[in-house]
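# Coordinates in review
So you can see what is in the structure, the chains are spelled out below.
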Amino acid sequence: MAKKQEISSKEPHLGSDLSPPPPVAALELRSVDLQSSRNNQEHHTQEMGLQRLIVRRSQSFTIQLHFSRPFHSGTDHITFIAETGPEPTELLGTRATFLLTSARQGNVWSASDFTIDANSLSVSLFTPASAVIGPYTLKIKISQGQGHSLTHLLGTFILLFNPWSAEDDVYLPSELLLQEYIMMDYGFVYKGHERFITPWPWNYGQFEEGIIDICFEILNKSLSFLENPSKACSQRNDVVYVCRVVSAMVRPDAARPCLRTVRAPRPAPGPRHPPVCPPQINSNDDSGVLQGNWGEDYSRGLSPLEWSGSVAILRQWSAGGGQPVRYGQCWVFAAVMCTVMRCLGVPTRVVSNFRSAHNADANLTIDTYYDQTAVMLPTQKRDKIWNFHVWNECWMIRKDLPPGYNGWQVLDPTPQETSSGLFRCGPASVKAIREGEVHLPYDTPFVYAEVNADEVIWLFGGGQALEILAHNISSIGKEISTKMVGSDQRQNITSSYKYPEGSLEERSVFMKASRKMLGSRRASSPFLDLLGSGGSKDQPAQLQLHLAQTPEWGQDLLLELHARRVADRAHPQGPIRLVVRFCAQTLLHSGGTRGPLWRQKVHLTLDFGEEIQQSLSLPYNNYKNKLTDEKLIRVSGIAKVAETGRSMLVLKDISLEPPHLAIEVSERAEVGKALRVHISLTNTLSVALSHCTMVLEGSGLIDGQISNDLGTLVAGHTVQIQLDLYPLKAGRRQLQVLISSKELKEIKGYKDIFVVAAGAS
């Protein structure tokens with residue numbers, strides 16, 4: 001026993017030489033650096049700011065953790081946790097847990113490629129291309145041994161789509177296009193008429209302070225989110241889903257003029273009764289960003305023509321608790337949607353379609369009516385031809401379609417029909433539209449008709465249609481336009497939507513689409529009967545209306561009728577007598593008209609081969625105070641041929657020129673330094689412009705807007721404004737200036753400005 005005690009007494013001495021070192025202190029997190037500035041620059045989000053982390057999926061970003069002691073990869077175990085949305089779960093894809101590993105493992109959430117420097121650990125985090133976009137919380141769980149662990153909040157970050165990544169469904173393999181369709185924060189919306197296209201400068205402002213948060217606020221007020229928040233968030237990995245939600249959310253569901261009528265079948269040719277469909281101001285639905293208004297009373301908000309950019313609209317909507325901002329029309333809706341989609345990381349552009357059809361009964365024809373005095377008649381049908389309509393195209397891969405339909409997809413935030421129970425439209429593949437594949441989702445038949453429908457013009461009298469004045473196969477879907485990449489010029493993209501009008505390919509695609517859209521109605525389709533009959537017959541004369549001088553608001557309008565006798569089958573030779581009745585009407589954006597504001601009758605006798613020119617004058621007093629803000633007039637003429645009893649139609653649409661703004665800036669623009677701006681406007685009209693206001697806007701140049709009251713601008717006088725701006729950001733910027741008055745709403749100008757960084761030599 002004594003010997004054992006001796007051994008025992010020696011054990012402490014032996015242990016001091018051979019036992020392991022004392023237990024290592026628990027790993028404690030002291031601080032974290034999300035390295036927002038570096039990461040945001042690498043992820044092309046630096047324009048949104050450098051103070052918080054905003055990254056794109058399918059791309060690594062680096063964070064740095066500072067601990068109480070050095071990190072030991074063999075014994076220390078940490079797990080990262082990323083969560084988004086309410087009640088996040090791994091099953092829904094709104095929660096991800098991933099261990100720190102030495103190398104990344106495929107296209108999954110991972111933390112890897114770490115480096116250790118004293119008590120600091122630098123870690124590369126990767127988000128998969130299928131990750132849900134949105135605001136995330138990032139946590140770390142440190143295992144303490146024996147089942148104990150501590151979880152720490154590292155911070156928050158926002159995850160966006162990544163068009164720079166080949167793994168993402170929005171991948172766009174061109175840096176030039178990415179700079180235009182993601183990074184460009186200004187552009188143009190094309191408005192007006194196919195012969196008088198006006199570039200309307202617009203400040204998208206997708207990188208302005210708070211806009212990214214408002215974009216997710218919009219998604220969180222969608223019907224799908226309100227019904228099932230967790231599921232709605234889980235679907236935000238899908239760009240098709242996100243686009244459809246935004247399309248429905250930019251404009252309130254209930255805000256639809258003349259769209260809740262019960263759909264009736266198309267009547268057969270014969271007696272037709274086109275009573276008026278009264279204008280309906282959109283309802284006060286509380287779900288969308290903008291409330292539409294196609295009337296003329298904007299007293300409870302702003303005229304759609306008085307908006308210059310999306311930022312003010314989105315901020316007003318958010319500050320108002322989600323109440324719709326008053327008021328918008330198609331170009332405002334599309335411009336706001338462009339802001340939202342570019343902000344979320346989806347390449348997007350704004351597209352204008354001139355003479356755009358709304359073909360409610362999907363029969364690919366739009367009927368319009370004139371009476372024998374050349375008055376364009378209203379109709380109870382919902383079919384119409386808008387002077388122009390504006391939508392968006394978003395770039396994406398369509399995994400839900402057969403191969404070959406990736407690329408640009410039409411999204412219309414001014415949807416005129418329901419899609420799966422909600423007013424929304426798209427995405428519809430532009431390639432599918434061109435090829436007539438109208439069976440492919442979403443809403444392809446409707447968009448196809450917008451650019452391809454035929455127009456049938458009827459002479460109406462005595463309660464019935466008397467004859468076809470014209471069957472136009474190429475009058476709809478004209479001058480489809482968007483901003484040219486890297487330029488302020490307009491690009492005509494009509495050829496991406498359809499083959500050349502009248503070509504064999506175009507007619508073949510048209511017949512294929514009509515067979516699919518008409519289905520069982522084909523056998524008794526008046527439309528196909530009309531195609532078979534060849535429509536209207538040839539006429540013994542050609543009539544054209546021309547402007548004798550540039551039309552200006554406030555001046556008499558001078559026109560010339562050119563009439564030329566030509567051979568036809570019924571009367572190949574000899575003179576003919578014509579009675580031509582002219583009518584001028586205010587042309588509305590919807591393609592409809594108001595009552596007559598001017599009439600005139602002309603008697604002509606035309607001998608074979610003879611051409612006559614007849615001057616016409618439309619006095620200013622006839623249209624004064626009778627036009628809408630668009631300042632468009634339709635002059636129509638119905639010529640009755642005495643020898644045949646048949647009629648001919650001649651049309652001329654007139655857009656009145658507003659005065660032009662001049663904007664000049666000092667030669668050099670630098671961040672933080674005064675930039676002198678000179679703005680001048682000469683009232684070239686014969687009447688005064690009253691209650692003039694000026695609004696300046698431009699992302700990177702102005703924080704918000706600058707407004708000034710200018711009072712009354714007397715006819716012939718010039719107003720000059722001089723002010724200093726202090727640019728906020730370097731790079732290409734655009735200053736937009738809008739001057740509105742009681743008489744004219746859209747006197748607009750812009751100036752491209754390149755701003756150098758502060759202190760740049």
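On to the sheet that holds strand E28 (residues 593-606), then. What the four strands build is an open sheet, ordered E28-E27-E30-E31; its pairing is antiparallel. Looking at which strands have only one partner, the edges of the open sheet turn out to be E28 and strand E31 (647-655). Averaged over neighbouring strand pairs, the angle between their axes works out to 20 degrees when direction is ignored. With 11 bridges joining them, strand E27 (residues 576-587) and E28 adopt antiparallel strand pairing. Its bridge partner lying in E28, Gln-585 is registered against Pro-596.

Here the focus is the side chain of His-43. Structurally, His-43 can be placed in the loop between helix H2 (36-42) and strand E2 (53-56). His-43 sits in the buried class, given a relative accessible area of 0%. Within polar-contact distance, the side chain of His-43 engages the backbone oxygen of Ser-60 at 2.8 Å. Ignoring any residue separated from it by four or fewer positions in sequence, one finds His-43 in contact with Ile-54, Val-55, Arg-56, Gln-59, Ser-60 and Phe-61.

A separate point is the sheet that holds strand E32 (residues 661-665). Across the sheet, three strands lie side by side as E32-E34-E37; this open sheet has antiparallel pairing. At either end of the open sheet lies a strand with only one pairing partner, and these are E32 and strand E37 (718-725). Recorded for the sheet is a direction-independent mean angle of 15 degrees between the axes of neighbouring strands. Pairing between E32 and strand E34 (residues 675-682): five bridges, direction antiparallel. Within E34, the residue paired with Val-665 across the bridge is Val-677.

Tallying each qualifying case throughout the model produces 19 aromatic pairs. Ring centres of Trp-391 and Tyr-497 lie 6.0 Å apart, and the angle between their planes is 50 degrees; on these two criteria the pair is classed as tilted. One end of the pair, Trp-391, is in strand E16 (residues 384-396); the other, Tyr-497, is in helix H12 (residues 494-497), and 106 residues separate them in sequence. Each member of the pair, Trp-391 as well as Tyr-497, is classed as buried.

Our next topic: the pattern of salt bridges. One pass over the structure, following the stated rule, counts 33 salt bridges. Between Glu-746 and Lys-191 there is a salt bridge, with the nearest N and O atoms lying 3.3 Å from each other. Residue Glu-746 is found in the loop between strand E38 (731-740) and strand E39 (747-756), and its partner Lys-191 is found in strand E10 (residues 186-193); the two are separated by 555 residues along the sequence. As a salt-bridge pair, Glu-467 and Arg-646 come within 3.8 Å of each other at their nearest N and O atoms.

This next bit is on the packing of helix H11 (residues 444-452) against helix H13 (residues 504-518). As a packed pair, H11 and H13 sit with axes 12 Å apart at the nearest point and diverge in direction by 140 degrees. Looking at the two axes, H11 sits oblique to H13. Crossing hand, H11 versus H13: left-handed. Every residue of H13 that contacts H11 at Pro-445, Tyr-448 and Asn-452 is listed here: Glu-506, Val-509, Phe-510, Ala-513 and Met-517. Here the contact of H11 with H13 is composed, by residue class, of six nonpolar, one polar and one charged.

Counting buried positions over the five residues of strand E17 (residues 407-411) gives five, a clear majority of the element. Pairing analysis gives five bridges linking E16 to E17, with the strands arranged antiparallel. The residue of E17 that forms the bridge with Asn-392 is Leu-411.

The end-to-end C-alpha distance of helix H9 (residues 330-344), which contains 15 residues, comes to 21 Å, matching closely the 21 Å that a straight helix rising 1.5 Å per residue would cover. Counting buried residues along H9, 15 of its 15 residues qualify, which places the element largely inside the surrounding structure. Positive backbone phi, at 105 degrees, marks Gly-345, one or two positions downstream of H9.

Our next topic: H13. End to end, H13 covers 21 Å across 15 residues, agreeing with the expected 21 Å (1.5 Å per residue, within 8%). For H13, the set of buried residues is Glu-506, Arg-507, Val-509, Phe-510, Ala-513, Ser-514, Met-517 and Leu-518. Down the axis, H13 shows its buried residues gathered within 160 degrees of arc, on one side only.

Counting residues in each nonpolar core, the largest one holds 92 residues, and the members touching the most others are Trp-202, Val-242, Ile-313, Trp-331, Met-341, Tyr-448 and Tyr-497. For this core, the leading source of residues is H9, giving 13 residues. Every residue in contact with Tyr-497, bar those within four places of it in the chain, is listed here: Val-351, Trp-391, Glu-393, Val-410, Val-430, Ile-433, Arg-434, Val-451, Asn-452 and Ile-480. Core analysis: the next-biggest nonpolar cluster, separate from the first, contains 59 residues, Val-580, Leu-616, Val-650 and Cys-692 among them.

What follows concerns the confidence of the model for the protein. Mean pLDDT for the protein: 89, with 89% of residues reaching 70 or above. Counted against residues more than four places away or in other chains, residues 1-16, with its pLDDT under 50, gives zero contacts. Per-residue pLDDT stays below 50 along residues 531-536; that stretch engages in 11 contacts with residues further than four places along the chain or on separate chains.

This part is about the state of the cysteines. This model, assessed by the stated rule, comprises zero disulfides. The thiol of Cys-338 is unpaired, and the distance to the nearest cysteine sulfur, on Cys-394, comes to 8.0 Å.

Our next topic: unusual backbone geometry. Residue Gly-426 is joined to Pro-427 through a cis peptide bond whose omega torsion reads 5 degrees. Here Pro-427 is to be found in the loop between strand E19 (422-423) and strand E20 (428-429). Here Ala-362, not a glycine, exhibits a phi torsion of approximately 55 degrees, which is positive. Secondary-structure assignment places Ala-362 in the loop between strand E14 (348-358) and strand E15 (365-370).

Within the secondary structure, Trp-458 is located in strand E21 (residues 454-461). Under the relative-accessibility criterion, Trp-458 is labelled buried at 8%. Note: C-alpha distance between Trp-458 and His-471 (13 residues apart in sequence) is 8.9 Å. Reaching out from Trp-458, the side chain makes a polar contact with the side chain of Asp-367 at a distance of 3.0 Å.

Before going further, it helps to examine the pairing of strand E30 (residues 632-641). The buried fraction of E30 is high, at nine of 10 residues. Across nine bridges, E27 lies against E30 in antiparallel orientation. The residue bridging Arg-581 from the neighbouring strand is Ile-638, located in E30. Direction of pairing for E30 relative to E31: antiparallel, over a ladder of nine bridges.

What counts and what doesn't
- Residues numbered from 1 in each chain as written.
- Predicted model: local features only at pLDDT ≥ 70, side-chain atom pairs only at ≥ 80, totals over all residues.
- Heavy atoms only, no water.
- Pairing = 2+ DSSP bridges.
- Helix = DSSP H or I, 4+ residues; strand = E, 2+ residues; numbered from the N terminus.
- Axes fitted to C-alpha atoms, helices over the stretch in contact; angles between N-to-C directions.
- Buried < 20%, exposed > 50% of the residue type's maximum accessible area, 1.4 Å probe, protein only.
- Polar contact = N/O pair within 3.5 Å; in protein donor to acceptor, adjacent residues only side chain to side chain.
- Contact = heavy atoms within 4.5 Å.
- Phe/Tyr/Trp six-rings, centres within 6.5 Å; stacked < 30°, edge-to-face > 60°.
- Salt bridge = Lys/Arg side-chain N within 4 Å of Asp/Glu carboxyl O.
- Parallel < 35°, antiparallel > 145°, perpendicular 65-115°, else oblique.
- Left-handed = near helix turned anticlockwise from the far one by under 90°.
- Nonpolar A, V, L, I, M, F, W, Y, C, P; charged D, E, K, R; others polar.
- Expected span 1.5 Å × (residues − 1).
- Arc of directions from axis to C-beta.
- Core = buried A, V, L, I, M, F, W, Y, C linked by side-chain atoms within 4.5 Å.
- pLDDT = per-residue confidence, 0-100.
- Disulfide = S-S within 2.5 Å.

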